[in-house]
Amino acid sequence: MVEAKTQRTKRSVTAFLNTIPDAQKRQDAFAIVDIMRKATKAEPVMWGSSIVGFGTYRYKYASGREGEWPLTGFSPRKQNLTLYIMGDFEQRDELLKSLGKFKTGKACLYINRLDDVDLPTLRKLVKLSVQHMIKTHPA
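Residues numbered from 1 in each chain as written. Predicted model: local features only at pLDDT ≥ 70, side-chain atom pairs only at ≥ 80, totals over all residues. Heavy atoms only, no water.

## Observations concerning helix α2 (residues 23–40)
Here comes step 1: Given a rise of 1.5 Å per residue, 18 residues ought to cover 26 Å, and the 26 Å separating the end C-alpha atoms of α2 matches this to within 8%.
Here comes step 2: Of all the residues in α2, the buried ones are Lys25, Asp28, Ala29, Ile32, Val33, Ile35, Met36, Ala39 and Thr40.
Here comes step 3: The elements touched by buried residues of α2 are α1 (13–17), β1 (44–47), β2 (51–54), β5 (72–76), β6 (81–84) and α4 (119–136).
Here comes step 4: Its side-chain oxygen placed 3.2 Å from the backbone nitrogen of glutamine 24, aspartate 22 serves as the N-cap of α2.
Here comes step 5: Looking one or two residues beyond α2, the residue adopting positive phi is lysine 41, at roughly 60 degrees. (Helix = DSSP H or I, 4+ residues; strand = E, 2+ residues; numbered from the N terminus. Expected span 1.5 Å × (residues − 1). Buried < 20%, exposed > 50% of the residue type's maximum accessible area, 1.4 Å probe, protein only. Contact = heavy atoms within 4.5 Å. Polar contact = N/O pair within 3.5 Å; in protein donor to acceptor, adjacent residues only side chain to side chain.)

## As for empty space enclosed by the protein
Here comes step 1: According to the stated counting rule, one finds one cavity of 30 Å³ or more in the structure shown.
Here comes step 2: The computed volume of the largest cavity comes to approximately 50 Å³.
Here comes step 3: Surrounding the largest cavity, Ile85, Phe89, Arg92, Leu96, Thr104, Gly105, Lys106, Ala107, Cys108, Leu109 and Leu125 form its lining.
Here comes step 4: Of all the elements in the fold, those that place two or more residues in the lining of the largest cavity are α3 (92–97) and β8 (108–111). (1 Å grid on protein atoms, 1.4 Å probe; cavity = no way out; pocket = protein on both sides within 12 Å on 5 of 7 lines; lining within 4 Å. Points joined across faces, edges and corners; volume = space filled by probe spheres on them.)

## Some points on the pattern of salt bridges
Here comes step 1: With the rule as written, the count across this model stands at five salt bridges.
Here comes step 2: Between arginine 113 and aspartate 115 there is a salt bridge, and its shortest N-O distance comes to 3.1 Å. (Salt bridge = Lys/Arg side-chain N within 4 Å of Asp/Glu carboxyl O.)

## A closer look at the pairing of β8
Side-chain direction in a regular strand flips from residue to residue, so the side chains alternate between the two faces of the sheet.
Here comes step 1: In terms of strand pairing, β6 meets β8 through four bridges, oriented antiparallel. Bridging across to β8, tyrosine 84 finds its partner in cysteine 108.
Here comes step 2: Bridging between strand β7 (residues 103–104) and β8 involves two bridges; their strand directions are antiparallel. For lysine 103, the partnering residue across the bridge sits in β8 and is tyrosine 110.
Here comes step 3: Connecting the antiparallel pair β7 and β8 is a turn made up of three residues. (Pairing = 2+ DSSP bridges.)

## Things to note about the nonpolar core
Here comes step 1: Membership of the largest hydrophobic core comes to 40 residues, with the highest contact counts inside it found for Leu17, Val52, Phe74, Leu83, Leu109, Leu122 and Val126.
Here comes step 2: Not counting residues up to four positions away in its chain, the partners in contact with leucine 109 are Leu81, Thr82, Leu83, Ile85, Leu96, Leu99, Phe102, Lys103 and Leu122. (Core = buried A, V, L, I, M, F, W, Y, C linked by side-chain atoms within 4.5 Å.)

## Topic: the side chain of threonine 82
Here comes step 1: You can see threonine 82 is positioned in strand β6.
Here comes step 2: Reaching out from threonine 82, the side chain makes a polar contact with the side chain of asparagine 80 at a distance of 3.0 Å.
Here comes step 3: Those residues within four positions of threonine 82 in sequence are excluded, and the remaining contacts are Gly73, Phe74, Ser75, Arg77, Cys108, Leu109 and Tyr110.

Here it is in C-alpha cells:
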C-alpha cells in the first residue's frame, strides 16, 4: 500500500505558526487554532511541513488506497489562509452566503484575513463539517 505524502509529524504547531512573517496572518492563524480546537475537542498537530490538523479520520478509495487525514485543519499559505472543510454537509451553501469574502474549492475555503469573514458563521461551518466527518467516517 502506498502511503500518503502528507503525514503527521512531531513538529511544534506553535513554533510553526510563530514563523509566519505577517503579524496579522499569524494572529489569524492562532485564532483559527482556537476555532478548530473547540470544534474538534482535539489539540493541533502538524501534518507535513505546513498543515495544522485537528483530529483524524480514515478514508478508503475505490482503488483500495486508504489512509488517515485530519477531521479539519488549515494552512497559512503566503497568498491566503486555506481551511480544510469538507464540502458536502447540510447548511454549507446557506452558511457560505453569509460568510463574507472568500473563495472555495472542493474541500477548501480560502480567506485572506479573518476580518473578511463573519466569525460566528465560520465557527458554525467548521463545527458542522467536523460533525459531518465524524458521522460519515466513524472511528
